[in-house]
Amino acid sequence: MMPISICFASFIFLFGLGWFCCFWGVYFVLCDLVYFIDWGIVSLNSGSVVMTFLFDWMSLLFLGFVFIISSLVILYSDDYMAGDLNIFRFIMLVLMFVVSMLFLIISPNMISILLGWDGLGLVSYCLVIYYQNVKSYGAGMLTVLSNRIGDVALLMAIAWMINFGSWNFIYYLEFLAGSTEMELISFLVVLAAMTKSAQIPFSSWLPAAMAAPTPVSALVHSSTLVTAGVYLLIRFSPSFSYLLNTILLLISALTMFMAGLGANFEYDLSKIIALSTLSQLGLMIMTVSVGLSSLAFFHLLTHALFKALLFMCAGGVIHSMGDSQDIRFMGGLSVYMPFTSSCLMVSSFALCGMPFLAGFYSSDFILEMISMSYVNVFGFLLLFISTGLTVCYSFRLFYFVLCGDFNFVSLYSMVDTNYNMVMGMVGLLILSVLGGGALMWLICPTPSVICLPYYLSFLTFFFVSLGGLIGYEMAGFNFGDYLLSMGCYSISSFSGSMWFMPFFSTYGVSFGPLGFGYGSMRVLDSGWMEYFGGQGLYWFLFNMGSANQWVQHSSLKLFLGFFVMWIVLLLVLVY
């Protein structure tokens, strides 16, 4: 009898636990229940350390989705990481990641949220540098240092909450909304969420984190690390002031636009999908900022399903391509890998908002509700243009990956992936098709009346169609030749490099301090301090010793002269 692998055991446990949480989440929705569990860890004199857990429909449903997606990702990685000698360590890291997310989701307490928040940051660093090379180390350092800014913001919020007498923020949200203390705490929480969800100006770490193994990317970019910030914003949204919501709206709209534009100039398959994640995170945060936090949570769940599937398909393609990620080498994969290509099509269409797939129910609902809301015209236009750009880069991806001729090598063997990888993709494929409708019936049991004029109703369709057409046309462009001939290379460089944000986050941050350090070392440490300090003292003593040595090695006349001088001095002193 063969022993059960750790991947299969983890899959069974997490898959069963996920459906259990989803079942209770549905029950809590139908019965409108909220449970608080206080666990007193230690009590000393008048002080006590209490661990509080919050179980409501939101935390249980999100927890269920995290467990289900992570179980399918672990099953997928059983074949994907089969040749890895450290598979046990990898699975342990993924499980620690899930446990950190568990603490974050069910905690109404800032201390235990920080425990999960820091756990996510630390384990994500370990996973990004899993393949140990210079590029991974650089990406891991960028990831962990960007997230440390959010950790510090949370620590400052915890310090400020001492004034309230308790760190259970859930009790104060609506009671203290509008007060100066709550505005400050809300600002710090928004700063923390912006770093974790990679909003401008902290966006550069998200594509860099693609140095991690593909199963990690499927988990990180779908339901865990990047959605932690959105989840925290949803929890804190009742306390946000009008000014804070406006700032959040503009930053998230710019992030959506920047990511959608950058994905149309990108040739790395995994980075295109990472930028699409960034665009969808901007959509969720924008939805929170206009007061539709339940819809943002709805889109968070549906996005987790199809984005995990999209990353799994990308992993299968990269696996079969001999670890090449450049989409210009791909082509015609719909013939050689029909199942993976079908899953890629379904997940991409769900991302675009194709009717009756998971993404349609949430993204179309969000667009129509925002059209009915009071939103400034800048954010409104960026929202719809970004929706068109999403379809644009998806159609460009179809053209490069699925159509045409295979462009890699003349001798190749392209087959659909292994059994466990296929089973993991099948589970998410079913959820990507059926999950949106099921969630719609659960989260929105009473239908919302949306009353819009014709031009607003057809605006979404117009931008989606225009984006698909432009994406198909752009697929034939050779950016280098066309843009150089048109003198627009600077526009291509600016748009394709995330508005130069990776350079600002790396060279921009390190250039000033490193230049100052070099100057101070050259002028002070290796300059005047050496002249008056160690080297100067050394040369002074050296010269004095040389003079003394010269004196002691001189002729007899000098010694007789010194002798006479001492005798004369002695006689003067005596008489």
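Per an unreviewed UniProt entry, the recorded name for the chain is NADH-ubiquinone oxidoreductase chain 5, and the organism is Reticulitermes flaviceps. The UniProt entry for the chain carries the following text under Catalytic activity (unreviewed entry): "a ubiquinone + NADH + 5 H(+)(in) = a ubiquinol + NAD(+) + 4 H(+)(out)". Word for word, the UniProt comment on the chain under Subcellular location (unreviewed entry) is "Mitochondrion inner membrane".

Draft legend 1. Fine view of the domain arrangement of the chain. The domain boundaries assigned to the chain delineate domain 1 (1-240), domain 2 (242-477) and domain 3 (527-574). Summarising the inter-unit geometry, the C-alpha centres of domain 1 and domain 2 are found 23 Å apart. Contacts between domain 1 and domain 2 engage 43 residues on the former and 48 residues on the latter. Roughly 4,100 Å² is buried in total at the junction of domain 1 and domain 2, and carbon and sulfur atoms are behind 81% of that figure. Connecting domain 1 to domain 2 are 0 salt bridges. Counting across the domain 1 and domain 2 interface gives 7 residue pairs in polar contact (both at pLDDT 80 or more). When contributions to the side of domain 1 that touches domain 2 are tallied by element, the ones reaching two or more residues are helix 1 (6-31), helix 2 (57-80), helix 6 (180-196), helix 7 (205-208), helix 8 (214-220) and helix 9 (225-236). With 14 residues, helix 2 is the largest single contributor of residues to the side of domain 1 that touches domain 2.

Draft legend 2. View of the UniProt feature "domain: NADH:quinone oxidoreductase/Mrp antiporter transmembrane" (unreviewed entry) in the chain. Within this numbering scheme, the UniProt entry marks residues 107-389 as carrying the feature "domain: NADH:quinone oxidoreductase/Mrp antiporter transmembrane" (unreviewed entry). Its end C-alpha atoms 37 Å apart, residues 107-389 is made of 72% helix and 0% strand.

Draft legend 3. Just the layout of surface pockets, in detail. In this structure, the largest pocket occupies an estimated 1,100 Å³ of space. Forming the boundary of the largest pocket are 46 residues, of which Lys 135, Met 210, Asp 268, Lys 271 and Gln 325 lie nearest the centre. Across the lining of the largest pocket, the residue classes break down as 24 nonpolar, 15 polar and 7 charged. Formed jointly, the lining of the largest pocket draws a minimum of three residues from each of two domains, domain 1 (1-240) and domain 2 (242-477). Roughly 480 Å³ of internal volume is contained in the second largest pocket. The wall of the second largest pocket is formed by 27 residues, among which Cys 352, Gly 353, Met 354, Thr 460 and Val 464 lie closest to the centre. Of all the elements in the fold, those that place two or more residues in the lining of the second largest pocket are helix 11 (269-289), helix 14 (338-352), helix 15 (358-372), helix 16 (377-402) and helix 19 (459-474).

Draft legend 4. Structural view of the side chain of Gln 280. Along the polypeptide, Gln 280 turns up in helix 11. Gln 280 gets classed as buried once you look at its relative accessible area, which sits at 4%. In this structure Gln 280 touches His 299, His 303, Lys 307, Leu 351 and Thr 390, once residues within four positions along its chain are discounted.

Cut-offs and rules
- Residues numbered from 1 in each chain as written.
- Predicted model: local features only at pLDDT ≥ 70, side-chain atom pairs only at ≥ 80, totals over all residues.
- Heavy atoms only, no water.
- UniProt positions renumbered as here; feature names shortened; annotations may be inferred.
- Domains from an automatic or database assignment.
- Contact = heavy atoms within 4.5 Å.
- Buried area = accessible area lost by both parts, 1.4 Å probe.
- Salt bridge = Lys/Arg side-chain N within 4 Å of Asp/Glu carboxyl O.
- Polar contact = N/O pair within 3.5 Å; in protein donor to acceptor, adjacent residues only side chain to side chain.
- Helix = DSSP H or I, 4+ residues; strand = E, 2+ residues; numbered from the N terminus.
- 1 Å grid on protein atoms, 1.4 Å probe; cavity = no way out; pocket = protein on both sides within 12 Å on 5 of 7 lines; lining within 4 Å.
- Points joined across faces, edges and corners; volume = space filled by probe spheres on them.
- Nonpolar A, V, L, I, M, F, W, Y, C, P; charged D, E, K, R; others polar.
- Buried < 20%, exposed > 50% of the residue type's maximum accessible area, 1.4 Å probe, protein only.

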